[in-house]
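Letter by letter, the chains look like this.
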Amino acid sequence: MSFAPNSTQVPHLLIREWMPKLSDTGLRLALIIIDQTLGWIEDPITKRRKEKDWISYSQLMEKSGRQRQAVSMALRELENLNIIEISDKYGNILNNIKERRGKQLFYRIITSM
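Residues numbered from 1 in each chain as written. Predicted model: local features only at pLDDT ≥ 70, side-chain atom pairs only at ≥ 80, totals over all residues. Heavy atoms only, no water.

Residues Leu29, Leu60, Ile84 and Tyr107 are the most contacted members of the largest nonpolar core, which totals 22 residues. Those elements that place two or more of their residues in this core are α1 (12-18), α2 (24-37), α4 (68-80), β4 (84-87) and β5 (106-109). With 5 residues, α2 is the single largest residue contributor to this core. If near-sequence neighbours (up to four positions away) are discounted, Leu29 is found in contact with Leu60, Ser64, Val71, Ala74, Leu75 and Leu78. (Core = buried A, V, L, I, M, F, W, Y, C linked by side-chain atoms within 4.5 Å. Buried < 20%, exposed > 50% of the residue type's maximum accessible area, 1.4 Å probe, protein only. Helix = DSSP H or I, 4+ residues; strand = E, 2+ residues; numbered from the N terminus. Contact = heavy atoms within 4.5 Å.)

Moving on: the pattern of salt bridges. The full count for this structure, using the stated rule, is 6 salt bridges. Between Arg66 and Asp24 there is a salt bridge, with the nearest N and O atoms lying 2.3 Å from each other. Placement of the pair is Arg66 in the loop between α3 (57-64) and α4 and Asp24 in helix α2, with a sequence separation of 42 residues. A residue is classified by how much of its surface remains accessible, and Asp24, at 42% relative accessible area, is partly exposed. Here Asp53 makes a salt bridge to Lys50, at a shortest N to O gap of 2.9 Å. For the residue pair Asp53 and Lys50, the accessibility class agrees, reading buried in each case. Sharing partners across several salt bridges, the network here consists of Asp24, Arg28 and Arg66. (Salt bridge = Lys/Arg side-chain N within 4 Å of Asp/Glu carboxyl O.)

Let's shift gears to the layout of surface pockets. Roughly 280 Å³ of internal volume is contained in the largest pocket. Lining the largest pocket are 16 residues, and of these Tyr57, Ser72, Asn96, Ile97 and Arg100 lie nearest its centre. At the level of elements, α4 and α5 (97-100) are the ones that each hand at least two residues to the lining of the largest pocket. Of the residues forming the lining of the largest pocket, the biggest block, 5 residues, is contributed by α4. Residue classes in the lining of the largest pocket are distributed as 6 nonpolar, 5 polar and 5 charged. (1 Å grid on protein atoms, 1.4 Å probe; cavity = no way out; pocket = protein on both sides within 12 Å on 5 of 7 lines; lining within 4 Å. Points joined across faces, edges and corners; volume = space filled by probe spheres on them. Nonpolar A, V, L, I, M, F, W, Y, C, P; charged D, E, K, R; others polar.)

Below, the discussion takes up α2. Under the 1.5 Å per step criterion, the end-to-end length of α2 is 20 Å for 14 residues, consistent within 8% with the ideal 20 Å. Within α2 the residues assigned to the buried category are Thr25, Gly26, Leu29, Ala30, Ile32, Ile33, Ile34, Gln36 and Thr37. Those residues of α2 that are buried are in contact with α1, β3 (53-54), α3, α4, β4 and β5. (Expected span 1.5 Å × (residues − 1).)

Segments scoring low in pLDDT should not have their predicted coordinates read at a detailed level. With 94% of its residues at a pLDDT of at least 70, the protein reaches an overall mean of 91. Per-element averaging of pLDDT across the protein places α5 at the bottom with 87 and α3 at the top with 97. (pLDDT = per-residue confidence, 0-100.)

So, on to the side chain of Arg100. Mapped onto the fold, Arg100 is located in helix α5. Side-chain polar atoms of Arg100 contact the backbone oxygen of Leu94, separated by 2.8 Å. (Polar contact = N/O pair within 3.5 Å; in protein donor to acceptor, adjacent residues only side chain to side chain.)

Between α3 and α4, whose axes approach to 10 Å, the crossing angle comes to 100°. Viewed along their axes, α3 and α4 adopt a mutual orientation that is roughly perpendicular. Where α3 approaches α4, its residues Tyr57, Leu60, Met61 and Ser64 are matched on the opposing element by Arg68, Val71, Ser72 and Leu75. Tallied by class, the residues present in the contact of α3 with α4 amount to 5 nonpolar, 2 polar and 1 charged. (Axes fitted to C-alpha atoms, helices over the stretch in contact; angles between N-to-C directions. Parallel < 35°, antiparallel > 145°, perpendicular 65-115°, else oblique.)

Shown next as structure tokens:
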């Protein structure tokens, strides 16, 4: 599979299935997570893309141009639609705010429905 230089391929799922269901901020965050993961080659030999990445709330806010509350609501939206998973550095899925507090959060786009 080849990619254009300095670009990120966006899964068709985002455009065809998810976009009509997402809020503006939800779409922005989905694109940020796609860029931070699928936008990077993890293994230059196999061309395997990153599956997950650590992204701070401040990065999500800065890159989306949205405030903390909007980011929080959009992340909940993406989780409820099974578009993303949020885990800790060990890969444990963190399903609620209490489990996430004080941890580095890793985000992954779920590319299968």
